[in-house]
Amino acid sequence: MAAFYENQRTSQIRANPADVIDAMKAAGVPALKESQIKSWWSTYHRKQRQLAVDLMEEARQLRSHQEGVTENSYCPDQVEEENLRTDMASETVNCSPGCAQTGTGTSSTLQSNTNSMPTAMNTSGLAPHAPIALPSTSSPLPLGIPLAGLIKGNPSPYVAGVVEWTFTESQSNIQGRTGSNACAFIALLMGQKWIQGSLLWPRGDNLPESWRKSLIEAMIKGNQIHDDLFNHEAVDLEVEEAVSLADNECGVQRVGQQIDIFGINPVHQLANVLIQEAQKNMSKSCSVIMTQGRAMLLVVNSDSSAMIIDSHSHGNEGAIIACTPPGNILLLPEWLDAMMKDIWQHSLTIASVTNVFYF
């Protein structure tokens, strides 16, 4: 399979999994499925690309080490300077009444600390160019997130009680793209990030900035996986197909039984699925909703709060996250139906929900 891949890379002629299957049969080797071959090629491609990146980084570090950095050439990087400004502002705000009355003394003290900082860092035994995180004197906010790290949401125009966060980026426009069919991969990748515990649940209408960063990362990686597998062709995938092709990249252990929604009152059917999921009393639950050829991540909590993460474009907006507070899980299917009617001119008539379990 490596030989077929390398021939594709050098000749720019796309390899055909059927040729690999024929070659394996001719060699008396048990033939793999076409999806397994594509998955292997995708993994091999990313490993080769990562190897090149690692070699470049190693060369950069070696060159930096050879050039050397003199002790007097130390200059705090942008992050340090921002931390310093934050600490200075915090110290000014939190100073005692006495220092507020003698602002000149406080200013000179801060200036003295600033001037002596490089010397103090260099005598600590660390490399002069190593970034140093300065201690903060400000008291932590709830969840340990500064105000600058929160995204303010808005009440949904579709259903009262639902909060929405919309973004400029979507899977179709990120990095200058003009289309994408990678929604299944993106949903799986976002589920992995949620299960790993790197994302905190929103409080009220405040969403941690880490959700946006994670969604952008998932969209970029999901698009890369799809491009590698299908050479930029517009191929839609079901959840099980996406898992069979990229389970390792998405950290998926297995998928549960697919629940199909159709017929009479599909919105009510989806609501029942969400209620049953909440009653499982799992600390974290992830599912992928498929409807009208689009995949979205569904997160359900045991307190009957829930969230949909949709990486598609929505009119003039990009991706969207919609969330219901505890005890209001029934609002989310209504929101999905109303959003689909408004944006895609399709109501929620046929859908599937598939549980996803991660390592």
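Structure: above.
Source: prediction; values computed, not measured.

Trainee: Teacher, can you tell me more about the environment of Pro-326 here?
Mentor: Mapped onto the secondary structure, Pro-326 falls in the loop between strand 10 (320-324) and helix 11 (331-343). Residues Pro-326 and Ser-305, 21 residues apart in the sequence, show an inter-C-alpha distance of 4.1 Å. Residue contacts for Pro-326: discarding those within four places in its chain leaves Asp-303, Ser-304 and Ser-305.

Trainee: Please clarify how helix 7 (residues 183-195) should be interpreted in this entry.
Mentor: Each full turn of the α-helix corresponds to 3.6 residues, which orients residues three or four apart in the same direction. Look at helix 7: 18 Å from first C-alpha to last across 13 residues, which is about the 18 Å you get at 1.5 Å a residue. Counting buried positions along helix 7 gives 12 out of 13 residues, so the element sits mostly inside the fold. Remark: Gly-197 follows helix 7 within two positions and exhibits a positive phi of approximately 85 degrees.

Trainee: Hey, could you run me through unusual backbone geometry in this one?
Mentor: Backbone phi values are negative for most residues with the exception of glycine, while trans is the configuration of most peptide bonds. Despite not being glycine, Asn-231 shows a phi value in the positive range, around 50 degrees. Its location among the elements puts Asn-231 in the loop between helix 8 (209-230) and helix 9 (239-250). Residue Asn-231 is classed as partly exposed on the basis of its relative accessible area, which comes to 44%. With a phi angle near 60 degrees, Asn-281 is a residue other than glycine that sits in the positive phi range. With respect to the helices, strands and loops of the structure, Asn-281 is situated in the loop between helix 10 (266-279) and strand 7 (285-291). Exposure remark for Asn-281: the relative accessible area of 59% places this residue in the exposed category.

What counts and how
Residues numbered from 1 in each chain as written. Predicted model: local features only at pLDDT ≥ 70, side-chain atom pairs only at ≥ 80, totals over all residues. Heavy atoms only, no water. Helix = DSSP H or I, 4+ residues; strand = E, 2+ residues; numbered from the N terminus. Contact = heavy atoms within 4.5 Å. Expected span 1.5 Å × (residues − 1). Buried < 20%, exposed > 50% of the residue type's maximum accessible area, 1.4 Å probe, protein only.

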